[in-house]
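Take a look at the letters that make up each chain.
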Amino acid sequence: MVNQDLVDVFKALSHPIRIDILDDLKKQPLSTGEISEKYDVSRYAIMKHLSVLVDANLVLIRRKGRMRLNYLNVIPLQKLYNRWVSKYEAPVAQGLIQLKNLVEEREEEKMEQTTERKVDSFEIEQEIVIQAGKETVFKALTKDINSWWKFRLGEESSTLIFEPHLTGRFYEDWGNGEGAIWGTVTYFKENVEIRLNGLLGMSGAVNSFYSYKLTEEDNKTVLQLTHHAAGILEPHWEEAHRHGWNELLAVHLKNFIEEK
C-alpha cells in the first residue's frame, strides 16, 4: 500500500511554483511576504502553495515575533530517496540529512558554500555494445580494471583493484597504505550486474551510486551504465561525469576488449 505521506510529497512537487519556493528556501528561510514578492501571483495564491508544502512536511513554520518564517525540511525528500535505495545503499544516503543542517543553522560559511554549489541531482544512462561475451566483459570490469580505467585520483602509476564480491571495494592503491576508494559493491551477480556506491571524484554532501548491467545478444554484450548522484553538486560535475563515462566505457573498455 502506498504511504499517504509519499503521495502528499509528490502532490506538493507537482507544481512549478512550489518547486521554485523550495529552491528559494534552500538558500535561507523566508517570510511569507518575502516569498510573495518573488512571484507574479497574489499573496493568497502563495499562501495556498505554502499550505500544500506544509501539509507535505516539506516546509516548517517558525515565528519570530509577528513574523512567520518558512524553512525547508529535507527529511521527506530523504525518505523518498531511501524508498528506492537498498539496505546497503541507505546508510550512505543519510548524507542528505546534512542539507537540513545547512539550511536551518544558516552558518555564514555554510551559506557561502550553498551559493557556490547547487542542491541538485543528475542521472546518467549510457549503453555500449561490445563485440564479446558477457564473461569477457564482466572480467574486464572486475579483474582487468587496472588495464583500461585511465582516470586516477593519485599518481598515474597507482594501481586500481576491484574486489569482486558483495561489500567489496573498488579502490586505487598508491602504495605505503595510502589510496582512495572509487566505490563499494552493494549488489553483485556474476556476469549479470554490479552496483556500487562511490563519489567518483566528487566531495561533500553528495550521494552517488552507479551500476553496470550486462545482456548478451548474438555473441555481443550490451553494457548498460546508470549513474545517479544527489546532494550539493558543483555545476560542472554532471557534464564531466557524462563525458568521463563515455570515454571510459565506449573508448577505453571497448578497445581493451575488442583489440585483445
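Description of the structure in this document. Note that the coordinates shown come from a computational prediction; the quantities given were computed from them, not determined experimentally.

## Section: the overall build of the chain
Within the chain, the regular secondary structure consists of 11 helices and 10 strands. Expressed as a percentage of its 260 residues, the buried residues of the chain come to 44%. The long-range fraction of contacts in the chain, counting pairs at least 24 apart against all pairs at least 6 apart in sequence, stands at 55%. Total accessible area on the chain is roughly 14400 Å²; 48% of this is exposed by carbon and sulfur atoms.

## Digging into helix 11 (residues 237-258)
Between its first and last C-alpha, helix 11 extends 30 Å over 22 residues, near the 32 Å set by a 1.5 Å rise per residue. Taking the largest bend as the criterion, helix 11 deviates by roughly 25°, centred on L248.

## A few points about the packing of aromatic side chains
For the coordinates displayed, the defined rule picks out 10 aromatic pairs. Measuring from ring centre to ring centre gives 5.4 Å for W149 and W182, while their planes differ by 75°; the resulting arrangement is edge-to-face. Within this pair, whereas W149 is found in the loop between helix 10 (145-148) and strand 5 (159-162), its partner W182 is found in strand 7 (residues 178-189), the two being separated by 33 residues in sequence. Under the relative-accessibility criterion, W182 is labelled buried at 5%. A ring pair is formed by W149 and W245, whose centres lie 5.9 Å apart and whose planes are at 90°; its orientation type is edge-to-face. Placement of the pair is W149 in the loop between helix 10 and strand 5 and W245 in helix 11, with a sequence separation of 96 residues. One aromatic cluster in this structure is built from W148, W149, F162, F170, W182, Y210, Y212 and W245.

## As for the side chain of E172
Within the fold, E172 resides in strand 6 (residues 169-175). At a separation of 2.9 Å, a polar atom in the side chain of E172 contacts the side chain of W174. In this structure, E172 is in contact with R152, L153, G154, E155, S158, T159, L160, E178, G179, A180 and W182, ignoring residues within four places of it in sequence.

## Some points on the sheet that holds strand 3 (residues 67-72)
Pairing within the open sheet is antiparallel, and its three strands lie in the order 1-3-2. Lying at the two open borders of the sheet, with one neighbouring strand each, are strand 1 (30-31) and strand 2 (59-64). Those strands touched by helix 2 (residues 16-25) are strand 1, strand 2 and strand 3, and its axis lies near 95° from that of strand 3.

## What about helix 4 (residues 43-55)?
With 13 residues, helix 4 should cover 18 Å at 1.5 Å per step; its first-to-last C-alpha distance of 18 Å lies within 8% of that length. Turning to helix 4, its buried residues are I46, H49, L50 and L53. Along helix 4, the residues classed as buried sweep out an arc of 100° about the axis, all on the same side. Turned more than 90 degrees away from the buried face of helix 4, the exposed residues are Y44 and D55. Packing partners of the buried residues in helix 4 comprise helix 1 (4-12), helix 2, helix 3 (32-36), strand 2 and strand 3. Looking at the residues trailing helix 4, positive phi occurs at N57, about 65°.

## Some points on the pattern of salt bridges
Pairing is possible between side chains of opposite charge, provided their charged atoms come close. Scanning all chains against the criterion turns up six salt bridges. The closest approach of N and O atoms between D144 and K139, which form a salt bridge, is 2.9 Å. Judged by its relative accessible area of 14%, D144 falls in the buried class. Classification of K139 by relative accessible area gives partly exposed; the value is 39%. Across the salt bridge formed by K254 and E258, the nearest N and O atoms sit 2.9 Å from each other. Of this pair, K254 and E258 both sit in helix 11, four residues apart, which is roughly one turn of the helix. When its relative accessible area of 31% is taken as the criterion, E258 is described as partly exposed.

## Some remarks on unusual backbone geometry
Phi at T167 takes a positive value of approximately 70°, unusual for a residue other than glycine. Summarising the element assignment, T167 is placed in the loop between strand 5 and strand 6. Located in the positive-phi region is N191, a residue other than glycine, with phi close to 65°. Structurally, the position occupied by N191 is in the loop between strand 7 and strand 8 (193-197). Judged by relative accessible area, N191 falls into the buried class, the value being 18%.

## Some words on the pairing of strand 10 (residues 220-233)
For strand 10, the buried fraction is high: 11 of the 14 residues fall into the buried class. Bridge analysis of strand 9 (residues 206-217) against strand 10 gives 12 bridges, and the strand direction is antiparallel. The residue bridging E217 from the neighbouring strand is K220, located in strand 10. Taking the residues that link successive antiparallel strands as the turn, the strand 9-strand 10 hairpin has two residues, and the phi of D218 there is positive, at about 50°.

Criteria and thresholds
Residues numbered from 1 in each chain as written. Predicted model: local features only at pLDDT ≥ 70, side-chain atom pairs only at ≥ 80, totals over all residues. Heavy atoms only, no water. Helix = DSSP H or I, 4+ residues; strand = E, 2+ residues; numbered from the N terminus. Buried < 20%, exposed > 50% of the residue type's maximum accessible area, 1.4 Å probe, protein only. Contact = heavy atoms within 4.5 Å. Areas by Shrake-Rupley, 256 points an atom, 1.4 Å probe, with all protein chains shown as cover. Expected span 1.5 Å × (residues − 1). Bend = angle between axes of the 7 residues up to and from the residue. Phe/Tyr/Trp six-rings, centres within 6.5 Å; stacked < 30°, edge-to-face > 60°. Polar contact = N/O pair within 3.5 Å; in protein donor to acceptor, adjacent residues only side chain to side chain. Pairing = 2+ DSSP bridges. Axes fitted to C-alpha atoms, helices over the stretch in contact; angles between N-to-C directions. Arc of directions from axis to C-beta. Salt bridge = Lys/Arg side-chain N within 4 Å of Asp/Glu carboxyl O.

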